[in-house]
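Residues per chain, in single letters:
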Amino acid sequence: MKPEIIVALDFDNVDAAKKIVKSAGDAVTWYKVGLELFVADGQKVIEFLKNENKKIFLDLKFHDIPNTVTKAVLTSLKYETDMVNMHTQGGPEMMKTTVEKIDEYCDKTGVPRPLLIGVTLLTSLDEAYLNIMKLGFATSRDYVLHLAGLAKASGLDGVVSSAQETPAIKSALGYDFITVTPGIRPASASVDDQKRVVTPKDAKDMGTDFIVVGRPITKAPDPKKAAMEIQEEMC
Ligand code: C5P
């Protein structure tokens, strides 16, 4: 199966986001709204994306006590987004409580339940972080697999991780456990500040479900063409 492209709307205002969505047209269905854009213009951007019939990944990476994360995700249901995430490092109780309350609320009210996804280890962190935090894992891959296992056991639908970790996550936790992978660069694109990049074709071959692509599409002279080229690379 070909992964879905999620375009990261990393902007500080709704107008910049609108411009990309309009120019990408029907070449892109999924968009990621992260901290910067949500803080700047959250309500407006969500309304705009819903009007355009786009799917929304609300990337606010919640991490707090179980009650606070549960309430934040419950409150986010008013936006009817399609995917919401939280940090797996918030622990099993935080994840489990949130999943249980969301399931209960959505079952009772018929409000659509978003996919609930856990952030494992940010790609900006590596073995030096594991050492300084005295986490006791030899490699970041071991830690990511551990966090993904906790996410699955807590009832989350999948995790954000690098594409390189997808095969190990899928074989350990099952092929229906979703992986969402940033750090994607088409063969011809600049890597920008990403360190461990994977091409769309490799991400597909590694079995990932969603690829998150920002600048290769949002900074392209023709975002629609850039998105279509990524689709073709994955054929
Ligand atoms: O422009 P680029 O394709 O590098 O954007 C990638 C997007 O994915 C950004 O929104 C970035 O914050 C996000 N991301 C990431 N690495 C992670 C988690 C999220 O690059 N581990």
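Further up the page is the structure itself.
So, here's what we can say about the structure. (Residues numbered from 1 in each chain as written. Predicted model: local features only at pLDDT ≥ 70, side-chain atom pairs only at ≥ 80, totals over all residues. Heavy atoms only, no water.)

**Re the environment of Thr 139**
Tracing the sequence through the fold places Thr 139 in the loop between helix H5 (127–132) and helix H6 (140–153). Judged by relative accessible area, Thr 139 falls into the partly exposed class, the value being 29%. Between the C-alpha atoms of Thr 139 and Glu 127, which are 12 residues apart in sequence, the distance is 6.0 Å. Setting aside chain neighbours within four positions, we find Thr 139 in contact with Glu 127 and Leu 130. (Helix = DSSP H or I, 4+ residues; strand = E, 2+ residues; numbered from the N terminus. Buried < 20%, exposed > 50% of the residue type's maximum accessible area, 1.4 Å probe, protein only. Contact = heavy atoms within 4.5 Å.)

**Looking at the layout of surface pockets**
What the largest pocket holds in volume is close to 800 Å³. Taken together, 34 residues line the largest pocket, and the ones lying closest to its centre are Lys 32, Lys 61, Thr 123, Pro 182 and Gln 194. Residue composition of the lining of the largest pocket, by class: 13 nonpolar, 11 polar and 10 charged. (1 Å grid on protein atoms, 1.4 Å probe; cavity = no way out; pocket = protein on both sides within 12 Å on 5 of 7 lines; lining within 4 Å. Points joined across faces, edges and corners; volume = space filled by probe spheres on them. Nonpolar A, V, L, I, M, F, W, Y, C, P; charged D, E, K, R; others polar.)

**Some details on the site of the ligand**
Taken together, the neighbourhood of the ligand is formed by 13 residues, with Asp 10, Lys 32, Arg 185, Gly 214 and Arg 215 sitting nearest. For the ligand, an oxygen atom lies 2.8 Å from a polar atom in the backbone of Gly 214. Here an oxygen atom of the ligand and a side-chain polar atom of Arg 215 are 2.7 Å apart. Considering the ligand on its own, with 460 Å² of exposed area, one finds that the protein chains cover 84% of that surface. A majority-of-atoms criterion places the ligand in the largest pocket. For the shell around the ligand, the elements supplying multiple residues, two or more each, are strand S8 (210–213) and helix H9 (215–218). Across the shell around the ligand, the residue classes tally to six nonpolar, three polar and four charged. (Near = heavy atom within 4 Å. Polar contact = N/O pair within 3.5 Å; in protein donor to acceptor, adjacent residues only side chain to side chain. Areas by Shrake-Rupley, 256 points an atom, 1.4 Å probe, with all protein chains shown as cover. Sits in = over half its atoms within 2 Å of the grid points.)

**A look at the pattern of salt bridges**
Within this structure, the stated rule accounts for 14 salt bridges. A salt bridge links Arg 113 to Asp 157; the nearest nitrogen and oxygen atoms lie 2.9 Å apart. Of this pair, Arg 113 sits in the loop between helix H4 (92–109) and strand S5 (115–119) while Asp 157 sits in the loop between H6 and strand S6 (158–160), placing them 44 residues apart in sequence. You can call Arg 113 partly exposed: its relative accessible area is 30%. One continuous salt-bridge network, built from bridges that share partners, spans Lys 32, Asp 59 and Lys 61. (Salt bridge = Lys/Arg side-chain N within 4 Å of Asp/Glu carboxyl O.)

**Observations concerning the sheet that holds strand S7 (residues 178–181)**
Judged by pairing direction, the barrel is parallel, and its eight strands sit side by side in the order S1-S2-S3-S4-S5-S6-S7-S8 before closing back on the first. Neighbour-to-neighbour, the strand axes of the sheet open up by a mean angle of 25 degrees, direction not taken into account. Of the strands in this sheet, strand S3 (55–62), strand S4 (83–87) and S5 touch helix H3 (residues 66–76), which is tilted by about 160 degrees from S3. Taken strand by strand, H4 contacts S3, S4 and S5, and its axis lies near 155 degrees from that of S4. (Pairing = 2+ DSSP bridges. Axes fitted to C-alpha atoms, helices over the stretch in contact; angles between N-to-C directions.)

**A word on unusual backbone geometry**
Backbone geometry at Asn 53 places phi at a positive 60 degrees, although glycine is not the residue there. With respect to the secondary-structure elements, Asn 53 resides in the loop between helix H2 (35–51) and S3. Of note, the phi angle at Lys 61 is positive, near 45 degrees, even though the residue is not glycine. Residue classification places Lys 61 among the partly exposed residues on the basis of a relative accessible area of 27%.

**Some details on the environment of Asp 82**
Position of Asp 82 among the secondary structure elements: in the loop between H3 and S4. Along the backbone, Asp 82 and Gln 231 are 149 residues apart, and their C-alpha atoms lie at a distance of 21 Å. Residues in contact with Asp 82, not counting those within four places in the same chain, are Trp 30, Lys 54, Lys 55, Ile 56, Pro 114 and Leu 115. Looking at Asp 82, its side chain comes within polar contact range of the main-chain nitrogen of Ile 56, at 2.8 Å.

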